[in-house]
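Residue-level listing of the chains:
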Amino acid sequence: MYNMTRLSNGLRVVVEKIDYVNSVSVGLWVENGSRNEDDKNSGISHFIEHMLFKGTEKRSAKELAEVIEDVGGQMNAFTGKEATCFYIKALDTHLELSIEVLADMLFGSTFNEEEIEKEKGVVTEEINMSEDSPEDVIGDLHSESIWGEDTLALPILGTEKTVKSFTREQIINYISAYYIPENSVISVCGNVDISNVEKLVEQYFGNWQSSNKKVTHYSTPIIHENSLFKKKEIEQLHISLGLRGIPVGNDDIYPLSLLNNVLGGGVSSLLFQKIREEYGLCYTIYSYISSFNNAGTINIYTGLNPNYAGEALKLIVDELENFTKNGISDERLTKSKEQIKGSLILGLESTSSRMFSNGKAFLFLNRINRPDEIISKIDKIDQYMLNEVMNKTFSHGILNSAFVGNTIEIEKYKQILGDSKTAFKQIVRTKSV
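Residues numbered from 1 in each chain as written. Predicted model: local features only at pLDDT ≥ 70, side-chain atom pairs only at ≥ 80, totals over all residues. Heavy atoms only, no water.

Participant: So what about the overall build of the chain? Which residues, and what values?
Facilitator: Along the backbone of the chain there are 16 helices and eleven strands. Its C-alpha atoms give the chain a radius of gyration of 23 Å, within 12% of the compact-globule value 22 Å for 433 residues. Classification of the 433 residues of the chain by burial places 54% in the buried group. In the chain, of all internal contacts separated by at least 6 residues, the share reaching a separation of at least 24 is 84%. (Helix = DSSP H or I, 4+ residues; strand = E, 2+ residues; numbered from the N terminus. Rg over C-alpha atoms; globule rule 2.2 N^0.38 Å. Buried < 20%, exposed > 50% of the residue type's maximum accessible area, 1.4 Å probe, protein only. Contact = heavy atoms within 4.5 Å.)

If you want it as structure tokens, here you go:
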């Protein structure tokens, strides 16, 4: 059973009652992330996420951790490009405690100057650790390649320079502007009484107000055709290739998910079978979808010996061209529907995963994605829909790329990828005749 409501201050609340479990998951979602920032305060959303665990007027940082762990619960948070989420999972008997603790963190955090300085060191180490991970480095580098000067390109962690510049006043002012009820959702899922949840949310969040509101509205960014390379003293060359995708909230995401699953979604996918299994050029290769408000991409990632990069890129281009031209058979369509339905249902087996799904959908779309409705949409996918989505996405070819490694034949790779766009355009024209 679902219920969606809005408090008088603009805070949205979504509750899913599941009466056969003994747990409850509570999430505070804020439509604010690195995309809301700029070059001067890059990383402040992630830094605020850290600081909300550093003590309130009622509880020290240690007491905040203990109050949930002492009742067998779990508490955590994450920051993304467009949202920050603080969440607690506990036994359903601790629903009020979970809601009260999240409210205490949001409204009662002290932002102690000493703790701010200490946390700057912690986040700087997190940035350094990320720099030691080629997968993280190429993710941020490819964002720059795709989005250029748009704030979608900014790294979630920020930079050492911006993090060290944060002041207590800057943090408080930012929270006052963006952490507002109009930008937020409380998502609750588990064995709960819906009317009791709404009463508790009103009790602890009903007086939430701000005089410095900045309601989030995102622009429509341009997807750039660009290639970037970052030199790192590592053995492998890491490659990320970008194609046009689908924005958040568009129902084309379901046929796109099916197509992506066939191309590079698992060990039976075309790319894995060709590049790894048949040619043995890499250990891992996969494709994935990144959907944002008003924009989306499909990315292909692999890491391999630099000596094999040219051959691998040519094979990837060939597979993409064949995939775009030939599509998939009816038999594979049927199997792929079952694969993505199975993945969906298995991914929604816990109260926390359903809380995440409901909270994110309500935050961005003002609706929820019911599993039965999604399955119905997947069942309706046919060859015509796949062809339409193929022409909107994969048929535009590889638009941008990023490379991280010690050496790179950049002009050679740009030539391979540049030629691919001509081939894809020819396929699109052939399809439209």
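Once the structure has been displayed, the description carries forward.
Participant: Lay out the sheet that holds strand β9 (residues 284-292) in plain terms, naming residues and giving numbers.
Facilitator: Taken in spatial order, the five strands line up as β7-β11-β8-β10-β9 in an open sheet, and their pairing is mixed. Strands with a single pairing partner mark the edges of an open sheet, and in this sheet they are β7 (227-231) and β9. The average angle at which neighbouring strand axes cross in this sheet is 15°, direction not considered. Bridge count for β9 against strand β10 (residues 295-304) is nine bridges, and the pairing is antiparallel. Across the sheet, the residue bridging to Ser290 is Thr297, located in β10. Most of the contacts of helix α5 (residues 134-147) go to strand β11 (residues 400-405), to which it runs at about 150°, and overall it touches β7, β8 (237-244), β9, β10 and β11. (Pairing = 2+ DSSP bridges. Axes fitted to C-alpha atoms, helices over the stretch in contact; angles between N-to-C directions.)

Participant: How would you sum up the pattern of salt bridges? Please name residues and give values.
Facilitator: Any two side chains of opposite charge can pair, so long as their charged atoms come close to each other. Scanning all chains against the criterion turns up 25 salt bridges. Where Glu409 meets Lys412, a salt bridge forms, and the shortest distance between an N and an O atom there is 3.9 Å. Owing to a relative accessible area of 45%, Glu409 belongs among the partly exposed residues under this scheme. The class for Lys412 is partly exposed, based on a relative accessible area of 38%. Each of Lys58, Arg59, Glu100 and Asp104 takes part in one network of salt bridges that share partners. (Salt bridge = Lys/Arg side-chain N within 4 Å of Asp/Glu carboxyl O.)

Participant: Could you give an account of the state of the cysteines, naming the residues involved and the relevant values?
Facilitator: Within this structure, the stated rule accounts for zero disulfides. Unpaired in this structure, Cys189 has its nearest cysteine sulfur neighbour in Cys85, at a distance of 13 Å. (Disulfide = S-S within 2.5 Å.)

Participant: Break down the pairing of β10 for me, citing the residues and quoting the values.
Facilitator: Counted residue by residue, β10 has ten buried out of ten residues, so it is predominantly covered. Burial of the side chains of β10 extends over both faces: Ala295, Thr297, Asn299, Tyr301 and Gly303 are buried on one face and Gly296, Ile298, Ile300, Thr302 and Leu304 on the other. Relative to β10, β8 is paired through eight bridges, and the arrangement is antiparallel. Its bridge partner being in β10, Ser240 is matched across the sheet by Tyr301. Following β9, the chain reverses through two residues before pairing antiparallel with β10; Asn294 in that reversal takes a positive phi of roughly 70°.

Participant: Would you mind going over the packing of aromatic side chains in detail, with residue names and values included?
Facilitator: Summed over all chains, the structure comprises 16 aromatic pairs. Aromatic pair Trp29 and Phe78: ring centres 5.7 Å apart, planes at 80°, arrangement edge-to-face. Pair noted here: Trp29 is in strand β3 (residues 23-30) and Phe78 is in strand β4 (residues 74-79), with a separation of 49 residues, a long-range link. Residue classification places Trp29 among the buried positions, given a relative accessible area of 3%. For Phe78, a relative accessible area of 32% corresponds to the partly exposed category. (Phe/Tyr/Trp six-rings, centres within 6.5 Å; stacked < 30°, edge-to-face > 60°.)

Nothing here speaks to function; it is all geometry.
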